[in-house]
Amino acid sequence: MPDSLTQGRHPQPADHVSELALTDLADTAARIQSAIGSVVEGKPEVIKLALTVLLAEGHILIEDVPGVGKTMLAKSVARAIDCTVRRIQFTPDLMPSDVTGVSVFNQETREFEFKPGGVFANVVVGDEINRASPKTQSALLECMEERQVTVDGTTYQLEAPFMVVATQNPIEMEGTYPLPEAQRDRFMMRLSMGYPSTRDEIEMIDTHGATSALDPLEPVTDAAHVHKLVRLVRGVYVADPIKEYAVALTSATRTSPDLRLGASPRATLHLIRAAKAWAGLDGREYVLPDDLQALAVPVLSHRLLPTAEAQIGRRDAAGIVADLVQRVPQPEPRR
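Residues numbered from 1 in each chain as written. Predicted model: local features only at pLDDT ≥ 70, side-chain atom pairs only at ≥ 80, totals over all residues. Heavy atoms only, no water.

## Some thoughts on the overall build of the chain
Looking only at helices and strands, one finds 15 helices and 11 strands in the chain. For 335 residues, the compact-globule estimate of 2.2 N^0.38 gives 20 Å, and the chain sits close to it at 21 Å. Taken over the C-alpha atoms alone, the chain extends approximately 70 × 50 × 50 Å along its principal axes. Here the chain, with 335 residues, has 51% of them falling under the buried criterion. Of all intrachain contacts in the chain linking residues separated by at least 6 positions in sequence, the fraction that spans at least 24 positions is 78%. Carbon together with sulfur atoms contributes 52% to the accessible area of the chain, which is approximately 16,000 Å² in total. With 34 positive and 45 negative side-chain charges, the chain shows a spacing of 4 Å between the two charge centroids. (Helix = DSSP H or I, 4+ residues; strand = E, 2+ residues; numbered from the N terminus. Rg over C-alpha atoms; globule rule 2.2 N^0.38 Å. Buried < 20%, exposed > 50% of the residue type's maximum accessible area, 1.4 Å probe, protein only. Contact = heavy atoms within 4.5 Å. Areas by Shrake-Rupley, 256 points an atom, 1.4 Å probe, with all protein chains shown as cover. Lys, Arg positive; Asp, Glu negative; His and termini not counted. Charge placed at Lys NZ, Arg CZ, Asp CG, Glu CD.)

## A few points about helix 12 (residues 265–281)
If you check helix 12, its first and last C-alpha atoms are 25 Å apart, about what 17 residues at 1.5 Å a residue would give, namely 24 Å. Of the residues trailing helix 12, G283 is marked for its positive phi of about 80 degrees. (Expected span 1.5 Å × (residues − 1).)

## Quick word on the state of the cysteines
Using the criterion set out here, one finds zero disulfides in the structure. C83 forms no disulfide, and the closest cysteine sulfur to it belongs to C143, at a distance of 15 Å. Overall, the relative accessible area of 1% leaves C143 in the buried class. (Disulfide = S-S within 2.5 Å.)

## Here we look at the confidence of the model for the chain
Taken over all residues, the pLDDT of the chain has a mean of 87, while the share at 70 or more is 92%. With pLDDT under 50 throughout, residues 7–15 is counted as low confidence; its partners more than four residues away or in other chains account for 13 contacts. (pLDDT = per-residue confidence, 0-100.)

## Here's the deal with the packing of helix 11 (residues 240–255) against helix 13 (residues 289–300)
Helix-helix packing: each pair is described by the crossing angle between the helix axes and the interaxial distance. Between helix 11 and helix 13, the shortest axis-to-axis distance is 11 Å and the interhelical angle comes to 30 degrees. The orientation of helix 11 with respect to helix 13, classified from their angle, is roughly parallel. The interaxial crossing formed by helix 11 with helix 13 has right-handed handedness. Here I242, Y245, A246, L249 and T250 of helix 11 lie close against helix 13, whose contacting residues are P289, L292, Q293 and L300. Of the residues contributing to the contact of helix 11 with helix 13, the split by class is seven nonpolar, two polar and no charged. (Axes fitted to C-alpha atoms, helices over the stretch in contact; angles between N-to-C directions. Parallel < 35°, antiparallel > 145°, perpendicular 65-115°, else oblique. Left-handed = near helix turned anticlockwise from the far one by under 90°. Nonpolar A, V, L, I, M, F, W, Y, C, P; charged D, E, K, R; others polar.)

## Comments concerning the pattern of salt bridges
Throughout the structure, instances matching the rule amount to 15 salt bridges. For the salt bridge of E113 with K115, the shortest nitrogen-to-oxygen distance reads 3.7 Å. Looking at E113, the relative accessible area reads 30%, which means it is partly exposed. (Salt bridge = Lys/Arg side-chain N within 4 Å of Asp/Glu carboxyl O.)

## Looking at the sheet that holds strand 5 (residues 123–127)
Spatial ordering of the open sheet is given by 2-5-8-1-9, a layout of five strands whose pairing is parallel. If you trace the sheet from one side to the other, it starts and ends with strand 2 (85–89) and strand 9 (189–191), each paired once. Put simply, the sheet's adjacent strands are angled 20 degrees from each other on average, direction ignored. Bridging between strand 1 (residues 60–63) and strand 8 (residues 163–168) involves four bridges; their strand directions are parallel. Note on strand 8: the bridge partner recorded for E63 is Q168. (Pairing = 2+ DSSP bridges.)

## Some words on the side chain of D258
Its location among the elements puts D258 in the loop between helix 11 and strand 10 (259–261). A polar side-chain atom of D258 sits 2.4 Å from a polar atom in the side chain of R315. The contact partners of D258, leaving out residues within four places of it in the chain, are L305, P306, T307, A310, R315 and I320. (Polar contact = N/O pair within 3.5 Å; in protein donor to acceptor, adjacent residues only side chain to side chain.)

## Details of the nonpolar core
Core analysis: the biggest nonpolar cluster contains 80 residues, and I36, L55, I60, L73, M189, L292 and L295 have the highest contact counts within it. The element that contributes the greatest number of residues to this core is helix 12, accounting for nine residues. What L292 contacts, discounting residues up to four positions off in sequence, is I242, Y245, A246, L249, L271, I272 and A275. Among the nonpolar cores identified, the runner-up in size contains 23 residues, and L94, M144, V151 and F162 belong to it. (Core = buried A, V, L, I, M, F, W, Y, C linked by side-chain atoms within 4.5 Å.)

## Things to note about the environment of Q330
Of note, Q330 is situated in the segment after helix 15 (317–327). For Q330 and D290, which are 40 residues apart along the polypeptide, the C-alpha to C-alpha distance reads 9.3 Å. Ignoring sequence-local partners within four residues, the contact set of Q330 consists of Y245, P289 and Q293.

## Points about the packing of helix 3 (residues 44–55) against helix 12
At a closest axis distance of 8 Å, the pairing of helix 3 and helix 12 adopts a crossing angle of 120 degrees. Classified by the interaxial angle, the pair formed by helix 3 and helix 12 is oblique. As for how helix 3 packs across helix 12, the hand of that crossing is right-handed. Between helix 3 and helix 12, the residues in contact are E45, K48, L49, L51, T52 and L55 and A274, A277, W278 and L281, respectively. In terms of residue class, the contact of helix 3 with helix 12 is made up of seven nonpolar, one polar and two charged.

And the structure:
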C-alpha cells in the first residue's frame, strides 16, 4: 500500500484505531450481517451498505417496487442490534407533530407535557415517505441533520445511534409528493433491493412461507455497542490524497455536461464518512481509493439531476456517476 495513503497520520487520539478494536468491529459486523441475511435472502451487498450507513451515522433511502423487502431490511437491522425501532406510515393526512411530537396540556398539573413523536427511536422506518405532504416531510430535516427535535422552542436530543430508513416506490407516482433535493441530500445513500434470484426466492418460500421472517431473528449486539463502533469508525484514517480524490469525484459531477445539478459539499462529507465505515468493515484502519469507487454510485447518484438531453439518451444519474468514476484520475503515491 502506498506510504502516502496509509502513513503520515496526525497525532490526535481519534486517529488511532487498534487492531483489537478493528477485530471487534469486523466480528460484530459479520454477526449483524449474518442475522439480517437470515431474513433478507440473497442481498449481502445491500446489507453491507445498510450497515455501512449505520456505522457512518447516516440515513438510507430505499427506492424500489413493492414487495421486495424494503421495510423488512429496516426492521431486521433494528432487531439484529436490539435497539428501539418506530415505524411511521407516511400518508397524505400525516401531520408534522405525528413525526416530531407535540406538547399537550395536562389538566392535573396545569402544565404542558411533551409527547414524543415517531422519530424518538434508534431506527426510524419511514414507509412510503413520498406519500406525505412536503410540510410533513420537512419535519424530518432537523432530526436527520442535527440528531435533535425542536418543539415549541424546546430542543430534545435523540438517542444514539440514530438512523432513518425511508422507503418509496419509484413506479407509482399518483398521489405522491416527490422529495425535494434538500431532503434527498440528507440521505447518505439510496439503495435498491432488486428482485431475488430464483434460488433465493425458493429458499425464502421454504424458510418464511409459514411464519414471519422476523420471528426467529435474535439480537447479536445492542445499541450501546453499536454506538461504540460508530465512535471507532470516526477514527479510521483518511490520507490527504484520498480527501482530494473525494473532492475530485464530487467536483466532476458539478462540471459534467450531463448533469444540471451536481453533488453538494455534504455529499463529499457523506462519501468520506461512508468510506471510513466501509474500510472498518473490511478490517482496515485506513481508506483506499477503491472504497470511494465502490460507494460513489449509492452515495452520489440520488443527489444529481440529469439534463434533458441525458434523459432523452436514457442516461440516468447512476450511470453518469459510474462513468465519472472511470474518468477521474486516482491519487498517485506521494514519496
